[in-house]
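Survey of secondary and tertiary structure
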Amino acid sequence: MLRDITLGQYMPGNTVVHRLDPRTKILLTVVYIAMIFCVTSPVWYVIPLLYLALCAKLAGISLKQLLKAVKPLRFLLILTFLLNLFFSTGTTILIHWGFFKITKEGLMTAIHFSMRLIFLVAGTSVLTLTTSPIALCDGIEVLFKPLSKIGFPAHELAMMMTIALRFIPTLIEEADKIMKAQMARGADFESGNLLKRAKAMVPLLVPLFVSAFRRAGELAMAMEARCYHGGEGRTRMRVLRFTMNDAYAALVTIAALLLTIFCGMWLK
């Protein structure tokens, strides 16, 4: 169950998407998110779907891996769908049973928001799967560097995000080990209703938090022992450079965004 979480995991490779500049991938992910929010009808999600399929194909990411990224959010997806289905207003009534009323507009809204959440998670997973935490840190720091002139902590923010992404797989592995050890001692995490399963997770969370704080302390001591003082005066082993592949990727992404906007405005 825990190994289904792909957030923060990096899949090494030498594909076209892997070789793109991390700044390009971050910016194109932002444009992709804007593309998702520009979709006005569930029908036009075909454009982000084709774009996402192209990115996944070029990155060597299978459909199974994308679905694996969405799987941990299945309860949130179901909740989002049901809330929009029953509480959205509309005039065309499809089902009316007691105080439950399902309208055509509510059904379309539920599908719309559920698909938006799926595409957002799947699209951002492509970024983390094809970009190492170090490259992602460098890209974020360079993009936010102009804001450092007004006191924005660009390097500190990038470092915190990198450490968080770096330790997500480690904490998942640690939680998996603790869960298996407790299951070997008779703990039951699968049976019972939602409340019982939530209570059963408490013995798992306590040692996990203890382990996380211990790792944080060890990391802080290691950074202090190496005289880490932030980004001031630091040099880089790898210098970020844009290539023609970055320009081609930007053109394709912008074209997909403009096509989505056009379809939303004139082809409703």
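Anything mentioned here points back to the structure above.
Here we summarise the structure given alongside this text. (Residues numbered from 1 in each chain as written. Predicted model: local features only at pLDDT ≥ 70, side-chain atom pairs only at ≥ 80, totals over all residues. Heavy atoms only, no water.)

**Some words on the overall build of the chain**
Definition in use: Runs of H or I in DSSP of at least four residues are treated as helices and runs of E of at least two as strands, each being numbered from the N terminus. Two residues qualify as a contact provided that any one of their heavy atoms is within 4.5 Å of a heavy atom in the partner residue. The protein chains shown are the only cover counted for residues, whose accessible areas, like all others here, come from Shrake-Rupley with a 1.4 Å probe. In this charge count, Lys and Arg are treated as positive and Asp and Glu as negative; neither His nor the chain ends contribute. Where a charge lies is defined by one atom per residue type: Lys uses NZ, Arg uses CZ, Asp uses CG and Glu uses CD.
Broken down by element type, the chain carries 11 helices and two strands. Across the chain, helices and strands are ordered from the amino to the carboxyl terminus as α-α-α-α-α-β-β-α-α-α-α-α-α. By principal-axis analysis of the C-alpha atoms, the chain measures approximately 65 × 55 × 40 Å. Look at the contacts in the chain between residues 6 or more apart in sequence, and 72% of them connect residues 24 or more apart. Summed over its atoms, the accessible surface of the chain is roughly 16,900 Å², and 71% of this surface lies on carbon and sulfur atoms. The chain carries 29 positive and 15 negative side-chain charges, and their two centres are separated by 6 Å.

**So, the environment of proline 12**
Short version of the rule: Throughout this description, buried means an accessible area under 20% of the type-specific maximum (1.4 Å probe, protein chains only), exposed means over 50%, and partly exposed covers the range between.
Its place among the elements puts proline 12 in the segment before helix H1 (16-19). Judged by its relative accessible area of 63%, proline 12 falls in the exposed class. With 119 residues separating them along the chain, proline 12 and threonine 131 place their C-alpha atoms 8.2 Å apart.

**Topic: the packing of helix H8 (residues 154-184) against helix H10 (residues 202-225)**
Defined as follows: Every axis corresponds to a line fitted to the C-alpha atoms, with the helix fit spanning only the stretch in contact, and the corresponding angles, defined between N-to-C directions, vary from 0 to 180 degrees. Angle categories are assigned with fixed cut-offs, so that under 35 degrees is roughly parallel, over 145 is roughly antiparallel, 65 to 115 is roughly perpendicular, and the rest are oblique. Helix crossings get a hand from a simple test, with the near helix turned counterclockwise from the far one by less than a right angle marking a left-handed crossing and a clockwise turn marking a right-handed one.
Where H8 meets H10, the axes come as close as 10 Å, and the angle between the chain directions of the two elements is 140°. Viewed along their axes, H8 and H10 adopt a mutual orientation that is oblique. At the point where H8 passes H10, the crossing takes the right-handed sense. Counted together, Ile163, Phe167, Thr170, Leu171, Glu174, Ala175, Ile178, Met179 and Gln182 of H8 and Pro203, Leu204, Pro207, Leu208, Ser211, Ala212, Arg215 and Leu219 of H10 form the full contact between these two elements.

**Some words on the pattern of salt bridges**
Operational definition: Salt bridges are counted wherever a side-chain nitrogen of Lys or Arg sits within 4 Å of a carboxyl oxygen of Asp or Glu.
Counted under the stated rule, the structure contains five salt bridges. Across the pair arginine 214 and glutamate 218 runs a salt bridge whose closest N-O atoms are separated by 4.0 Å. Linking arginine 214 with glutamate 218, this pair stays in helix H10, spanning four residues, or about one helical turn. Judged by its relative accessible area of 48%, glutamate 218 is partly exposed.

**With respect to the side chain of threonine 103**
What counts, and what does not: Between N or O atoms, a polar contact is any pair within 3.5 Å; within protein, one atom must be a potential hydrogen donor and the other a potential acceptor, and residues adjacent in sequence are included only when both atoms are from side chains.
On the secondary structure map, threonine 103 appears in strand E2 (residues 100-103). We classify threonine 103 as buried; its relative accessible area is 1%. A polar contact is formed between the side chain of threonine 103 and the backbone nitrogen of glycine 106, at a distance of 3.0 Å. If we ignore the near neighbours within four places in the chain, the residues touching threonine 103 are Ser88, Thr89, Gly90, Thr92, Ile93 and Leu94.

**Details of the packing of aromatic side chains**
Stated formally: Aromatic pairing here means that ring centres of Phe, Tyr or Trp (its six-membered ring) are within 6.5 Å. Orientation follows from the plane angle: under 30 degrees is stacked, over 60 is edge-to-face, and everything else is tilted. Throughout this description, the term charge over a ring refers to an Arg CZ or Lys NZ atom that lies within 6 Å of the ring centre and within 35 degrees of the ring normal.
Scanning the model with the defined rule gives two aromatic pairs in all. Ring geometry for tyrosine 45 versus phenylalanine 119: centroids 5.4 Å apart, planes at 10°, classification stacked. One end of the pair, tyrosine 45, is in the loop between helix H2 (22-38) and helix H3 (46-59); the other, phenylalanine 119, is in helix H6 (residues 104-130), and 74 residues separate them in sequence. Summarising the burial analysis for this pair, tyrosine 45 and phenylalanine 119 share the class buried. Here the basic side chain of arginine 23 rests over the ring of phenylalanine 242, its NZ or CZ set 4.1 Å away from the ring centre.

**Notes on a nonpolar patch on the surface**
The test is simple: A patch consists of residues whose relative accessible area exceeds 30% and which take part in no salt bridge; residues with like charges are grouped when within 9 Å of each other, and nonpolar side chains (Val, Leu, Ile, Met, Phe, Trp, Tyr) when within 5 Å.
Taken together, the side chains of Leu27, Leu143, Phe144, Leu147 and Ile150 define a hydrophobic patch exposed on the protein surface, amounting to about 430 Å² of accessible area. As for its placement among the helices and strands, leucine 27 is situated in helix H2.

**Considering the side chain of aspartate 246**
Tracing the backbone through its elements, the reader meets aspartate 246 in helix H11 (residues 244-266). As a buried residue without a salt bridge, aspartate 246 has its nearest oppositely charged side chain in arginine 23, at a separation of 7.2 Å. A polar side-chain atom of aspartate 246 sits 2.9 Å from the main-chain amide nitrogen of aspartate 21. With residues near it in sequence (within four places) discarded, aspartate 246 still touches Leu20, Asp21, Thr24 and Arg241.

The quantities given are spatial measurements derived from coordinates; they are silent on function.
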